[in-house]
Amino acid sequence: GLRALSVLPLIAGAVASIYNYRLVRYVLRDRGLSAIGAGIIAAFPCLFISSYAPEADILVTAAMSALLFYLTREFAQPKLHTWKYAVLLGVLAGLAASAKYSGLIGLATAGALYGWRLLAGPDRGRAIRHGVTVLLVCVAIGSYRYVDNVRRFGNPFHANGTAGEAFSSSRQYHWDQYEFTTFRLGDLFELAGPGAPPGMLTTLPVYKSVWTTLYAMGWGDMSFFSTKGRFGDVAAPYPSKQIPPWLTDSVLVLGLVPTALAVPGLLLVWRRRVYLPLLVMLLLTMASYLQWVVAQDEWALKTKYIVFLLPIYVVYA
C-alpha cells in the first residue's frame, strides 16, 4: 500500500506540470516563449521536491493547476460557458478544497470571476446559474473533510501546532518577526557553503526575510533537506547531502532572471482580459497566505504551500 501511495505524488506532479504548460501555451500563444516556459516548469526545484512524498501540497497543486487552466479558458472564450464546463470547474474546485484548506482559493477565484461576469454582463442569468453549479458541485465533493472536522473538533479548519493557532479566532499576528523589505542573497550563499551556521532553519535570521525564504525554497531547499539538523527533529530524518555549493549558488543566481522579469511582466499585462484569472488567484493567494504566515512564529514560510502559483509566475516572466 505504501509503495502504491508513493506513486501518487509523481502522478500529481506530472498532472501539475502538464496543466502548467497548457496554461502557459494558451495564454502566451507563442511557441518560442512557451518552450522557455516549459523549461522553467520542468527545472523548477520546488515542484520537483514537492513531487517526492505523498503530501497534500502536491495534490492541491495538481487540482489548482487544472482549475486555473480551465477557468482562464472559460473566461476568455464565452462559447465555453456551458453547464458541463461549470460541473468540471466544480469538480476541480472540490478536489482542491478536499486536498488542503488552501484549495478553497480555487473556489474563491471562480467566485470572483463569476462575480465579474455578473457585473459586466451581458448574460447575467447564465453567470448566476453556472456560478451556483460550481458552488454546489464543489460543496458536494469537497465539504466532507470540513464537516468531519466540525463533528470531531468543533472547527472546520482544524490543524496541528502553530497552523491550528493561525486558524483560531483568537490568533495573534507577529508582523514584527518577519521582514518584507529585504532580500538576502548573500545569506543564501552562506547557507550552501562549508561554513554554514548550524541549527534549525527557523532560528536563522535569514528565514524571517519573507521574499528571501520564498525565493530560496522555490529555487532550492534552503538547506532544509540537504543539511542535517535544519529540520530540528532529533531523529534527523534528512541527513546531510554533499551538494556542491557552486551548483546551489548557480541555480539561485539563474533563478533571478525569470524572477526579475515577472514583476514588470505583471505590470504590463494586468489589465488584459485573458490574464485576469491569473491576477485574481495571485492576489487571493498572497493575501490569505501572508496573513496565515504572520499568525505563526515558525515553519509557516514554505514555497511548496503556494507552488500552484508556478504557472502564473512563468507567464508573467
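Above this text you will find the structure in question.
A brief report on the enclosed structure follows. (Residues numbered from 1 in each chain as written. Predicted model: local features only at pLDDT ≥ 70, side-chain atom pairs only at ≥ 80, totals over all residues. Heavy atoms only, no water.)

Observations regarding the packing of aromatic side chains
Part 1 of the argument: Going through the model one piece at a time under the given rule, you end up with 28 aromatic pairs.
Part 2 of the argument: Ring plane angle 70° and centroid distance 5.0 Å describe the contact between phenylalanine 69 and tyrosine 70, whose orientation is recorded as edge-to-face. For the pair phenylalanine 69 and tyrosine 70, a shared accessibility class is recorded, and that class is buried.
Part 3 of the argument: With centroids separated by 5.4 Å and ring planes inclined at 70°, the aromatic side chains of phenylalanine 183 and tyrosine 215 adopt a geometry described as edge-to-face. Separated by 32 residues along the polypeptide, phenylalanine 183 in the loop between helix H9 (161-167) and helix H10 (185-192) and tyrosine 215 in helix H11 (residues 210-218) bring together distant segments of the chain.
Part 4 of the argument: Residue classification places phenylalanine 183 among the partly exposed residues on the basis of a relative accessible area of 39%.
Part 5 of the argument: Tyrosine 215 sits in the buried class, given a relative accessible area of 6%. (Phe/Tyr/Trp six-rings, centres within 6.5 Å; stacked < 30°, edge-to-face > 60°. Buried < 20%, exposed > 50% of the residue type's maximum accessible area, 1.4 Å probe, protein only. Helix = DSSP H or I, 4+ residues; strand = E, 2+ residues; numbered from the N terminus.)

With respect to the pattern of salt bridges
Part 1 of the argument: On inspection of all chains with the given rule, the structure shows ten salt bridges.
Part 2 of the argument: Taking the shortest distance from any N to any O, the salt bridge between lysine 100 and aspartate 57 comes out at 2.4 Å. With lysine 100 in the loop between helix H5 (83-99) and helix H6 (104-120) and aspartate 57 in helix H4 (residues 56-76), the pair connects residues that are 43 residues apart, well separated along the chain.
Part 3 of the argument: As a salt-bridge pair, lysine 304 and aspartate 57 come within 3.7 Å of each other at their nearest N and O atoms. With lysine 304 in the loop between helix H14 (276-293) and helix H15 (310-316) and aspartate 57 in helix H4, the pair connects residues that are 247 residues apart, well separated along the chain. (Salt bridge = Lys/Arg side-chain N within 4 Å of Asp/Glu carboxyl O.)

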